[in-house]
Amino acid sequence: MNTKMYLIAFVLLVVALIIKRIGNDPSVIGKTGEHKVSKILSSLPREYRILNNVIMPNQKGTSQIDHVVVSPYGIFVIETKNYEGWIFGTENSEKWKQTFKTTSGNFFYNPVKQNWGHIYTLSSFLEVDKRVFKPIIVFSDKAKLNIESGIPVICMSQLKREILSYTQEIIPDDKVDMIYNKIGKTNLVGADNEKKHIQTVKTNLENRQKNLQNGKCPKCGNDLVLRNGKYGSFYGCSNYPKCKFTQKI
């Protein structure tokens, strides 16, 4: 093989490694999943008004919501997790677990709680009853879901059917337009705002970890105390029942 052929082979190898690295980047995987869900949502009938990648101001800075669908049948707030493998978790657990056959797995924050935070932000901003919101968590079709939850935790191929299963009209048509326009006008779109949001999330997570290390509740700042429950020992907030934060040992 001559020098030119070696050079071409080397360049192709470098390109392949770069593509593989980009493909394994969590942010790229997340954006790919959101794009797939956006495409599914675009096939809904016209009465469903769709907003993707919504960034809203809240008390902690901003809240980034993957998808909001405003319709006469409710406001669907959709959190996309483009994860594969076996997914384990419950509605009230702090973290969920992703596992594969060849690895021990990893943990990620409970998307149900994350989505309820988004709903709280939207409900406060729009001044509408939380009961009109329909939270949905969506995973890759390659995921095997083992979830105990009262709200839908589904795969992408089930999303459209899930949304269309709601048939009772609870929001008048004129209010649907008003809600859609109000969210759209307030949406902090743009790369700069996305960067600020990511930095805010990072700072909040660091502060949360510091509180836990210091024995403080990351939600309200009160002391954490060791408790014994049905499923073993755990740390709970001393401000219970006003604050129901728990942390497994």
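Above this text you will find the structure in question.
All of these numbers come straight from a predicted model, not from anything done at the bench. (Residues numbered from 1 in each chain as written. Predicted model: local features only at pLDDT ≥ 70, side-chain atom pairs only at ≥ 80, totals over all residues. Heavy atoms only, no water.)

Caption draft 1: Just the packing of helix H3 (residues 111-126) against helix H5 (residues 173-186), in detail. Here H3 crosses H5 at 110 degrees, and the two axes come no closer than 11 Å. In terms of orientation, H3 and H5 fall into the roughly perpendicular class. For the pair H3 and H5, the contacting residues are Leu-122, Phe-125 and Leu-126 in the first and Ile-179, Lys-182, Ile-183 and Thr-186 in the second. (Axes fitted to C-alpha atoms, helices over the stretch in contact; angles between N-to-C directions. Helix = DSSP H or I, 4+ residues; strand = E, 2+ residues; numbered from the N terminus. Parallel < 35°, antiparallel > 145°, perpendicular 65-115°, else oblique. Contact = heavy atoms within 4.5 Å.)

Caption draft 2: A negative patch on the surface, seen in detail. A cluster of like negative charges, contributed by Glu-47, Glu-169, Asp-173 and Asp-174, occupies part of the molecular surface. With respect to the secondary-structure elements, Glu-169 resides in the loop between helix H4 (159-164) and H5. (Patch = residues over 30% accessible without salt bridge, like charges linked within 9 Å, V, L, I, M, F, W, Y side chains within 5 Å. Areas by Shrake-Rupley, 256 points an atom, 1.4 Å probe, with all protein chains shown as cover. Salt bridge = Lys/Arg side-chain N within 4 Å of Asp/Glu carboxyl O. Lys, Arg positive; Asp, Glu negative; His and termini not counted. Charge placed at Lys NZ, Arg CZ, Asp CG, Glu CD.)

Caption draft 3: Broad picture of the pairing of strand E4 (residues 85-90). The pairing of E4 with strand E8 (residues 143-148) spans six bridges and is parallel. Within E8, the position partnered with Phe-88 by the bridge is Asn-146. Hairpin remark: E4 followed by strand E5 (residues 95-100), antiparallel, with four residues in the connecting loop. (Pairing = 2+ DSSP bridges.)

Caption draft 4: Quick peek at the packing of aromatic side chains. Taken as a whole and judged by the stated rule, the model has seven aromatic pairs. Look at Tyr-48 and Tyr-73: their rings are 5.8 Å apart centre to centre, the planes differ by 35 degrees, and that puts the pair in the tilted class. In this pair, Tyr-48 sits in the loop between helix H2 (26-41) and strand E1 (49-58) while Tyr-73 sits in the loop between strand E2 (61-71) and strand E3 (74-81), placing the two residues 25 residues apart along the sequence. With relative accessibility at 12%, the residue Tyr-73 sits in the buried group. By way of ring pairs, the aromatic residues Tyr-83, Trp-96, Phe-108 and Phe-139 are connected into one cluster. The positively charged end of Arg-49 is found above the aromatic ring belonging to Tyr-180, 4.1 Å away from the centroid. Positioned above the aromatic ring of Tyr-109, the side-chain terminus of Lys-95 is 5.1 Å from the ring centre. (Phe/Tyr/Trp six-rings, centres within 6.5 Å; stacked < 30°, edge-to-face > 60°. Buried < 20%, exposed > 50% of the residue type's maximum accessible area, 1.4 Å probe, protein only. Lys NZ or Arg CZ within 6 Å of the ring centre and 35° of its normal.)

Caption draft 5: Focus on the pattern of salt bridges. The final tally for this structure, using the stated rule, is five salt bridges. One salt bridge connects Arg-131 with Asp-129, and the closest N-O pair in it is separated by 2.7 Å. Looking at Arg-131, the relative accessible area reads 68%, which means it is exposed. Residue Asp-129 is classed as partly exposed on the basis of its relative accessible area, which comes to 36%. In this structure, the salt-bridge partner of Asp-223 is Lys-216, at a minimum N-O distance of 2.6 Å. On the basis of relative accessibility, which here comes to 39%, the residue Asp-223 falls in the partly exposed class.

Caption draft 6: Broad picture of the nonpolar core. Ranked by size, the top nonpolar core spans 18 residues in total, and within it Val-68, Ile-75, Leu-122, Leu-126, Phe-133 and Ile-183 carry the most contacts. For this core, the elements supplying multiple residues, two or more each, are E1, E2, E3, H3 and H5. Judged by nonpolar contacts, the second largest core, of 14 residues, contains Tyr-48, Phe-76, Ile-136 and Ile-154. (Core = buried A, V, L, I, M, F, W, Y, C linked by side-chain atoms within 4.5 Å.)

Caption draft 7: The arrangement of the environment of Gly-74 in detail. On the secondary structure map, Gly-74 appears in strand E3. In this structure Gly-74 comes out as buried when scored by relative accessible area, which is 0%. Spatially, the C-alpha atoms of Gly-74 and Pro-135 are 9.9 Å apart, while their sequence positions differ by 61 residues. Filtering out sequence-adjacent residues up to four positions away, Gly-74 remains in contact with Val-69, Val-132, Lys-134, Ile-170 and Ile-171.

Caption draft 8: The arrangement of the sheet that holds strand E9 (residues 153-155) in detail. If you trace the five strands from one edge of the open sheet to the other, you get E1-E2-E3-E7-E9, paired in mixed fashion. Lying at the two open borders of the sheet, with one neighbouring strand each, are E1 and E9. Taken over all neighbouring pairs, the strand axes of this sheet differ in orientation by 40 degrees on average, direction set aside. Judged from the nine bridges that link them, E1 and E2 form a sheet pairing that is antiparallel. From the neighbouring strand, Pro-57 faces E2, where its bridge partner is Thr-62. Sheet contacts for H5: E1, E2 and E3; angle to E1, the most-contacted strand, approximately 55 degrees.

Caption draft 9: Broad picture of the environment of Ser-43. Counting through the fold element by element, Ser-43 comes out in the loop between H2 and E1. Between the alpha carbons of Ser-43 and Lys-160 there is a distance of 8.4 Å; along the sequence they are 117 residues apart.

Remember, this is a structural readout, not a statement about activity or role.
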